[in-house]
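Commentary on secondary and tertiary structure
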Amino acid sequence: MVQINARAISRGIGKGKALVSKDAISFLGGVDPKTGVVVEKGHALEGKCIAGTVLVFPRGKGSTVGSYVMLQLAKNKNAPAAIINLEAEPIIAVGAIISKIPMVDKLEGETYEQLKNGMEISVDGAEGKVRYE
Amino acid sequence: MFDGEQSEAARQSMEILVALGKIYGAKNMVPVSSVQVAGVSYKTIGDAGLEYLQGLAQNGAKAKVPTFLNPAGMDRRQWQRLGIPEEFAKKQIAVLDAYEAMGITMSCTCTPYLIGTRPKLGEHIAWSESSAVSFANSVLGARTNREGGPSALAAAVCGVTPNYGLHLDKNRISTMTVKVETELKRSADFGALGAFVGEAAKGRHPSFVGVTKANEDKLKALGASMAASGSTALFYIQGITPEFVVSDSPEKISFTSHDLAVTREKLGTADKPELVSIGCPHASLEEIHDVAEFVKGKRLACQLWVCTAQQTKEKADAAGYTGTIEAAGGRVVADTCMIVCPIEDIGFKTTGANSGKAAKYLPGFCKQKVSYGDLEELLWFK
């Protein structure tokens, strides 16, 4: 098993298949809270459902209301199981905390680049660990 | 800090502050004496925000320090008179109810410093609204970053904020000096200066020289306009602000009478506005007095809203200013403003403003054409 150190942002443990986006994500207007599908035109994940995934993306973008949309996703059971950011910013960090989505950022070394679609990943948002086989 | 007796809301609030502290490299938390919470208008936060606030209130969130609100999407007492759609009003009231349940003072204003909350030089606070943040940092010399809705609420619940950014003296040094080479008379002049400098500042803190006279109304107009055009959260004016901290070799720019004329022109060209909106930021009692004097005994041919804090409106009511303005066909509107109120749904298409901030935001947020100028240029009569 590979274990990577990361910075803890939002506590809890989440497991799932990695869904990797090269683009930043805006939850307000970018993701449909009723379905969990990315609806932003031209986005790397357009048409993909983020529900239950370990969502890997560089950072958030757009309106701060995006934090609240993450909470709506969680209430609708369409939230990701965990979030890994290259570098967290307040919209996603706050959204993850209020929605109880485990989240880490700043993976040690160049390990962020090694995360690929479909990998079974476990994120520990309290300890700041990312684990996969 | 927290044990098992803390509410879920308090635990989550501290988790938010710790995460933000990590993101911004804060070494510790600093106690705050007051909090101003953003995310109040239903127009901006929508159902997602409303659900968040209701959940937080249910989880036992309570403000630990004096906390008040940004402007809401409507006047709580006279929304029907103003033509606010009922569906919107219901949602807005639900937002305010959630905040009230958290022990937050029901004053919805961008000018808390005009209704009795005046933090002292060096005092740490956690305020949200961009013009209030600018005024507190610059005119009062308090210490605050520009908080978002959740981070301000978390500060209210915990009584602390992460110690980074403008809380630290090393981040409060001006590296850009503006020589003002023209006389500034009216609020619209200060708004134009703010629009010009905000864009040039690109996130730096401007320091002004050559401004000889500016009362608090003019300073709030300047700060609001710079915050809107350039996210400026701190400025200094030589001889006027309580602090004037400038680096050894700041970049120097000037602002001439030509710049003033060009910037005023850029801020708005539409003439004969359907609605003239004064009070961005919220009008002081003095400004309401000036409007009343100007419209006294006349009949307005356009709509006029003078936006202010409820507490200021009560003083204007008592002084007879509200009566004078209403007799001319205008209104004194509390709790809200032309930006966060759904004026486009009421049917307005062209709005006049003497505020650089309003001129900046009216086209995007409210789909308005903007007429920019002083009171005498904007108002028209029967």
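In this report, we go over the structure that sits alongside the text. (Residues numbered from 1 in each chain as written. Chains lettered and ligands numbered in written order. Predicted model: local features only at pLDDT ≥ 70, side-chain atom pairs only at ≥ 80, totals over all residues. Heavy atoms only, no water.)

Comments concerning the overall build of chain A
Using the following cut-off: Secondary structure counts use DSSP, requiring at least four H or I residues in a row for a helix and at least two E residues in a row for a strand, with both numbered from the N terminus. Radius of gyration means the value over C-alpha atoms here, while the globule rule gives 2.2 Å times the residue count to the 0.38 power. Remark: exposure states derive from per-residue accessible area (1.4 Å probe, protein chains only) relative to the maximum for the residue type, with buried under 20%, exposed over 50%, and partly exposed in between. Here, Shrake-Rupley sampling with a 1.4 Å probe gives the accessible areas, and only protein chains in the shown set may cover a residue. Note on charges: Lys and Arg go in the positive column, Asp and Glu in the negative column, and His and the chain ends are not counted at all. To locate a charge, take atom NZ for lysine, CZ for arginine, CG for aspartate or CD for glutamate.
Per the secondary structure count, chain A includes three helices and eight strands. Starting at the N terminus and walking to the C terminus, you meet the elements of chain A as β-β-β-α-β-α-β-α-β-β-β. Against the globule reference of 14 Å for 133 residues, chain A gives a C-alpha radius of gyration of 13 Å, in line with a compact fold. By its C-alpha atoms, chain A is 35 × 25 × 25 Å across when sized along the principal axes. Considering chain A as a whole, with its 133 residues, one finds that 57% of them fall into the buried category. Per element, the accessible surface of chain A, about 5600 Å² overall, is 52% carbon and sulfur. In chain A, 17 side chains carry a positive charge and 14 a negative one; their mean positions are 6 Å apart.

What about the pairing of strand 8 (residues 129-132) of chain A?
Residues and elements named next belong to chain A. Selection rule: DSSP calls a pair of strands paired once it identifies at least 2 bridges connecting them.
In the sheet, strand 1 (residues 2-5) pairs with strand 8 via four bridges, with the strands oriented antiparallel. Bridge pairing links Gln-3 to Arg-131 in strand 8. Examined bridge by bridge, strand 7 (residues 120-124) and strand 8 share four bridges and lie antiparallel to one another. Looking across to strand 8, one finds that Ile-121 is bridged to Tyr-132. Where strand 7 folds back onto strand 8 in an antiparallel hairpin, the turn is made up of four residues, including Gly-128, whose phi is positive at roughly 75°.

Thoughts on the sheet that holds strand 9 (residues 275-278) of chain B
All names here are of chain B. Stated precisely, the cut-off is as follows: For helices, the fitted axis covers only the stretch in contact; all axes are lines through C-alpha atoms, and the angles between them, taken along N-to-C directions, range from 0 to 180 degrees.
One open sheet accounts for five strands, arranged 11-10-9-12-13; its pairing is parallel. Both outer strands of the open sheet, strand 11 (331-334) and strand 13 (369-372), are each paired with one neighbouring strand and no more. When the angles between neighbouring strand axes are averaged without regard to direction, this sheet yields 30°. In this sheet, strand 13 lies alongside strand 12 (residues 350-353) in parallel orientation, the contact comprising four bridges. Considered in strand 13, the bridge of Thr-351 is made with Val-370.

Some remarks on the pairing of strand 7 of chain A
Residues and elements named next belong to chain A. With respect to burial, strand 7 is a largely interior element, four of its five residues being buried. In the sheet, strand 3 (residues 13-20) pairs with strand 7 via five bridges, with the strands oriented antiparallel. Within strand 7, the residue paired with Lys-17 across the bridge is Glu-120.

What to know about the packing of aromatic side chains
Counted only if it meets this: Note on aromatic pairs: the rings of Phe, Tyr and Trp (six-membered ring only in Trp) are paired at centre separations within 6.5 Å, and the planes decide the class, stacked below 30 degrees, edge-to-face beyond 60, tilted for the rest. The criterion is that NZ of a Lys, or CZ of an Arg, lies within 6 Å of the ring centre and within 35 degrees of the ring normal, and then a charge sits over that ring.
Across all of its chains, the model carries 12 aromatic pairs over all chains by this definition. With a centroid separation of 6.4 Å and an interplanar angle of 65°, the aromatic rings of Phe-27 of chain A and Phe-57 of chain A are classed as edge-to-face. Residue Phe-27 of chain A is found in helix 1 (residues 27-30), and its partner Phe-57 of chain A is found in strand 4 (residues 54-57); the two are separated by 30 residues along the sequence. As far as burial versus exposure is concerned, Phe-27 of chain A and Phe-57 of chain A are alike and both buried. Each ring, one from Tyr-236 of chain B and one from Phe-244 of chain B, has its centre 6.4 Å from the other, and the planes form 70°; the classification is edge-to-face. In this arrangement the basic side chain of Lys-298 of chain B is found over the ring face of Phe-294 of chain B, its NZ or CZ atom lying 4.1 Å from the centre.

Comments concerning the state of the cysteines
Residue and element names in this part refer to chain B. Put simply, the test is: We call a pair of cysteine sulfur atoms a disulfide whenever their separation is within 2.5 Å.
A full pass over the atoms with the stated rule returns zero disulfides over all chains. Looking at Cys-108, it has no disulfide partner, and the nearest cysteine sulfur is the one in Cys-110, 11 Å off. Relative accessible area serves as the criterion here: at 2%, Cys-108 is assigned to the buried category. Free of any disulfide, Cys-337 has its nearest cysteine sulfur in Cys-280, 5.9 Å distant. Residue classification places Cys-337 among the buried residues on the basis of a relative accessible area of 9%.

Focus: the sheet that holds strand 7 of chain A
Residues and elements named next belong to chain A. Selection rule: Any two residues whose heavy atoms approach within 4.5 Å at even a single point are treated as in contact.
A sheet is described by the order of its strands in space; here eight strands give the open sequence 1-8-7-3-4-5-6-2, paired in mixed fashion. Each end of this open sheet is capped by a strand with a single partner; those strands are strand 1 and strand 2 (7-10). Neighbour to neighbour, the strand axes of the sheet diverge by 30° on average, direction disregarded. Contacting strand 2, strand 4, strand 5 (82-85) and strand 6 (103-105), helix 3 (residues 90-98) crosses the sheet at an angle of about 60° to strand 2.

Describing the interface of chain B and chain A
Operational definition: Accessible area that two parts lose when put together, with a 1.4 Å probe and added across both, is what the buried area reports. Take a side-chain nitrogen of Lys or Arg and a carboxyl oxygen of Asp or Glu: if they are within 4 Å of each other, that pair is a salt bridge. By the criterion applied in these results, polar contacts are pairs of N or O atoms within 3.5 Å in which, for protein atoms, one can donate a hydrogen and the other can accept it, and in which residues neighboring in sequence qualify only through two side-chain atoms. For this classification, Asp, Glu, Lys and Arg are treated as charged, while Ala, Val, Leu, Ile, Met, Phe, Trp, Tyr, Cys and Pro are nonpolar and the rest, including Gly, are polar.
Counting from both sides, the interface comprises 19 residues of chain B and, opposite them, 19 residues of chain A. Both faces combined, the contact of chain B with chain A buries some 1800 Å², and carbon together with sulfur accounts for 64% of it. Applying the counting rule to chain B against chain A returns two salt bridges. Across the pair Lys-100 of chain A and Glu-8 of chain B runs a salt bridge, and its minimum N-O distance is 3.2 Å. Summed over the shared surface of chain B and chain A, the number is four residue pairs in polar contact (both at pLDDT 80 or more). Broken down by secondary-structure element, the contributors of at least two residues to the side of chain B that touches chain A are helix 1 (8-24), helix 2 (42-58) and helix 5 (149-158) of chain B. Ranked by residues supplied to the side of chain B that touches chain A, first place goes to helix 1 of chain B with 10 residues. Looking at the side of chain B that touches chain A residue by residue, the class counts come to nine nonpolar, four polar and six charged.

Just distances and angles here, no functional claims.
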